[in-house]
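Understanding the architecture of this molecule
Spelled out, the chains give:
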Amino acid sequence: MSGFPFDALVVGAGFAGAVTARELAEAGLRVKILERRDQIGGNMYDYERDGVLTHLYGPHIFHTGNQAVYDYLSRFTDWVPYEHRVLGRIRGKYVPIPFNFTSMEALFPAEQAARLREKLSAAYPGESRVSVLDLMNSPDADIAELGAFVFENVFVHYTAKQWGMPAEQVDRSVINRVPVVLGYDDRYFRDPIQAMPKQGFTALFTAMLDHANISVELGCDALSRLSLTRDGRVLLDGEAFHGPVVYTGAPDELLGRALGALPYRSLRLDFETVPADSFQPASVVNYPNEEDFTRITEFKKLTGQVCPGRTVILREYPARYQPDSGLEPYYPIDSAESHALYARYREAFDRYPSLYFCGRLADYKYYNMDAAVAAALALAKKILAR
Ligand code: FAD
Ligand code: UDP
């Protein structure tokens, strides 16, 4: 008989932790969540800054092709339809990103743009999006030149800033998140479902965690409470905890970085309240080239909030992540070495059958929100089946 007044322990109150906790709680397990920060919601946490709903850990837009994930989250929020459109400041002009025919027409003489449109349609019949890397390798000299132009003006410097390494060294799956659009579609995402939670993300999490079987302890670093024994037991406050433990933090932290630090990329976030109705022509403007920051977000244009006379903006400055620097480990680094190190950590955890990993940090994957929710739903199912 366990001395703990709960049956399952969850570390982290982002989507990975909150969804798993909710599912276990609904199945009758009493769940305790330990969250290091003073807020729920993980990186989706939002709050009012000078009366403007603001995302403390960077802009978050919900988009998915997964109807089940959307239906699940709809139990905890109403939605405001929102299709994300991004502009890039390129050669002194605002042009759509992903780069599309409108961008091409803004930056090239009309005749050249018309010729390129025709060539692209012939070279990629029936396709609406293509990788900039494919364009660059086209056997057609004009298309290859267009690819080189887009790579240089949209991707090279942005990617070098964002990842702190030359674009050529960044995994192509990262760059291919943003294609070139063969047409006039100017939406950033193509997913059929795109929306923002009506009252914000924190309100969604508050509803999700509002369950008699869930208790949340904020400001609590699980690393100071958990320990792992050599014989495969998980101790909580020094006592063996036999129920499932779902860990959504960074795996290297859990072992005191014994095998070395997993690399992450971070951001310095610079918020400013501006005394104006509007700051910029889109919710997000990317600055791929001259500036040190990568993009500026204007929050009320994401959320649709009406807020005359003031607006909150955020400049994102990419930064090297260092443990204990006060920066957040935002982006896993996609490289063979980092995945090999991650695999060694996971192997080291194999001997703990009650320990489960889930989420962007724990799975060391560049998950969007919907993927984190889907992973958590699958994990809860697996735990409950045991
Ligand atoms: P997190 O949200 O990071 O939650 C993990 C939680 O665990 C945190 O609250 C952390 O404090 C807690 N924790 C960690 N270690 C411990 C510990 N030892 N003890 C206690 N608690 C601990 N996705 C989209 O779909 N759309 C977007 O527009 C989008 N924009 C993004 C913008 C930025 C700048 C970033 C970085 C990511 C963006 N994402 C976006 C991805 C999205 O943030 C993730 O998919 C999501 O955060 C994953 O949820 P999670 O629960 O796995 O992780
Ligand atoms: N990217 C770029 N220029 C842009 C937008 C994106 O070079 O204007 C590249 C960059 O490498 C970035 C990747 O595409 O890391 C993915 O962009 P996304 O907007 O998906 O990044 P996130 O929102 O996850 O930060």
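If you're wondering where the values come from, they're calculated on a predicted model, not measured in any experiment. (Residues numbered from 1 in each chain as written. Chains lettered and ligands numbered in written order. Predicted model: local features only at pLDDT ≥ 70, side-chain atom pairs only at ≥ 80, totals over all residues. Heavy atoms only, no water.)

1. Thoughts on the site of ligand 1
The immediate surroundings of ligand 1 are formed by 32 residues, with Glu35, His60, Ile61, Arg360 and Met369 found nearest. Taking Arg360, its main chain carries an N or O atom lying 2.8 Å from an oxygen atom of ligand 1. Alone, ligand 1 offers 990 Å² of accessible surface; in the complex the protein occludes 96% of this. Only α1 (15–26) and α12 (369–385) provide two or more residues apiece to the shell around ligand 1. (Near = heavy atom within 4 Å. Polar contact = N/O pair within 3.5 Å; in protein donor to acceptor, adjacent residues only side chain to side chain. Areas by Shrake-Rupley, 256 points an atom, 1.4 Å probe, with all protein chains shown as cover. Helix = DSSP H or I, 4+ residues; strand = E, 2+ residues; numbered from the N terminus.)

2. Notes on the site of ligand 2
Taken together, 15 residues lie around ligand 2, and Thr159, Arg177, Tyr188, Tyr331 and Tyr366 are the ones closest in. Here an oxygen atom of ligand 2 sits 2.8 Å away from a polar atom, N or O, in the side chain of Arg177. One nitrogen or oxygen atom from the side chain of Asn286 is found 2.9 Å from an oxygen atom belonging to ligand 2. A total of six residues in the shell around ligand 2 trace back to one element, the largest contributor, which is helix α6 (residues 141–163). Here the shell around ligand 2 is composed, by residue class, of ten nonpolar, three polar and two charged. (Nonpolar A, V, L, I, M, F, W, Y, C, P; charged D, E, K, R; others polar.)

3. What to know about the pattern of salt bridges
Taken as a whole and assessed by the stated rule, the structure comprises 26 salt bridges. Where Glu328 meets Arg37, a salt bridge forms, and the shortest distance between an N and an O atom there is 2.8 Å. In this pair, Glu328 is assigned in the loop between β20 (311–320) and β21 (331–332) and Arg37 in the loop between β2 (31–34) and β3 (46–49), connecting sequence segments 291 residues apart. Given the relative accessible area of 25%, Glu328 is considered partly exposed. Residue Arg37 is classed as buried on the basis of its relative accessible area of 17%. Residues joined by salt bridges that share partners form a network here, namely Glu83, Arg85, Arg129, Asp185, Asp186 and Arg187. (Salt bridge = Lys/Arg side-chain N within 4 Å of Asp/Glu carboxyl O. Buried < 20%, exposed > 50% of the residue type's maximum accessible area, 1.4 Å probe, protein only.)

4. Thoughts on the packing of aromatic side chains
Given two aromatic rings, one states the distance between the centres and the angle between the planes to describe the pair. By the definition in use, this model includes 24 aromatic pairs. Seen in terms of ring centroids, Tyr264 and Tyr364 are 5.3 Å apart; in terms of plane orientation they differ by 75°. Their pairing is edge-to-face. Placement of Tyr264 in strand β17 (residues 264–274) and of Tyr364 in the loop between β22 (355–357) and α12 is noted, with a sequence separation of 100 residues between them. A residue is classified by how much of its surface remains accessible, and Tyr264, at 5% relative accessible area, is buried. A residue is classified by how much of its surface remains accessible, and Tyr364, at 2% relative accessible area, is buried. The ring centre of Tyr94 lies 4.4 Å from the NZ or CZ of Arg89, which sits over that ring. (Phe/Tyr/Trp six-rings, centres within 6.5 Å; stacked < 30°, edge-to-face > 60°. Lys NZ or Arg CZ within 6 Å of the ring centre and 35° of its normal.)

5. Comments concerning the nonpolar core
Soluble globular proteins tend to bury their nonpolar side chains together. Counting residues in each nonpolar core, the largest one holds 84 residues, and the members touching the most others are Phe15, Leu73 and Phe99. Excluding its chain neighbours within four sequence positions, the residues that come into contact with Phe15 are Thr20, Met44, Leu73, Leu204, Phe205, Met208, Met369, Ala372, Val373 and Ala376. (Core = buried A, V, L, I, M, F, W, Y, C linked by side-chain atoms within 4.5 Å. Contact = heavy atoms within 4.5 Å.)

6. Section: the packing of helix α4 (residues 110–123) against α6
Contact pair α4 / α6: the axes reach a minimum separation of 10 Å and the direction vectors enclose 105°. When the axes of α4 and α6 are compared, the pair comes out roughly perpendicular. Contacts between α4 and α6 involve Arg115, Leu116, Lys119, Leu120 and Ala123 from the former and Asp142, Ile143 and Leu146 from the latter. Looking at the contact of α4 with α6 residue by residue, the class counts come to five nonpolar, no polar and three charged. (Axes fitted to C-alpha atoms, helices over the stretch in contact; angles between N-to-C directions. Parallel < 35°, antiparallel > 145°, perpendicular 65-115°, else oblique.)

7. Here we look at the state of the cysteines
Following the criterion strictly, the structure yields zero disulfides and no others. The structure places no disulfide on Cys358, whose sulfur is separated from the nearest cysteine sulfur, that of Cys220, by 19 Å. (Disulfide = S-S within 2.5 Å.)

8. Some details on α12
One full turn of an α-helix is made of 3.6 residues, so residues set three or four places apart face in the same direction. Here α12 spans 25 Å end to end across 17 residues, near enough to the 24 Å set by a 1.5 Å rise per residue. Burial in α12 covers these residues: Met369, Asp370, Ala372, Val373, Ala375, Ala376, Leu379, Ala380 and Ile383. Residues of α12 that are buried make contact with α1, β5 (62–64), α2 (67–73), α8 (201–209), β16 (245–247) and β22. (Expected span 1.5 Å × (residues − 1).)

9. A closer look at the environment of Glu26
When you line up the elements, Glu26 lands in helix α1. Residue Glu26 is classed as partly exposed on the basis of its relative accessible area of 36%. Apart from the residues lying within four places of it in its own chain, the contact partners of Glu26 are Arg75 and His211. Within the structure, Glu26 has its side chain in polar contact with the side chain of Arg75 (distance 2.5 Å).

10. Some details on the pairing of β17
Strand residues, when the strand is regular, have side chains that alternate between the two faces of the sheet. As judged from the two bridges shared by β17 and β21, these two strands associate in the antiparallel manner. Directly across from Tyr264, in β21, lies its bridge partner Pro332. As paired elements, β17 and β20 share ten bridges and run antiparallel to each other. Within the sheet, the bridge partner assigned to Glu272 lies in β20 and is Ile313. (Pairing = 2+ DSSP bridges.)

11. Some remarks on the sheet that holds strand β14 (residues 234–236)
Read across the open sheet, the three strands follow the order β13-β14-β15; overall the sheet is antiparallel. Only two strands of the sheet have a single partner each, and these edge strands are β13 (226–228) and β15 (239–240). Here β13 pairs with β14 via three bridges, running antiparallel. Looking at β14, one finds that Ser227 is bridged to Leu235.

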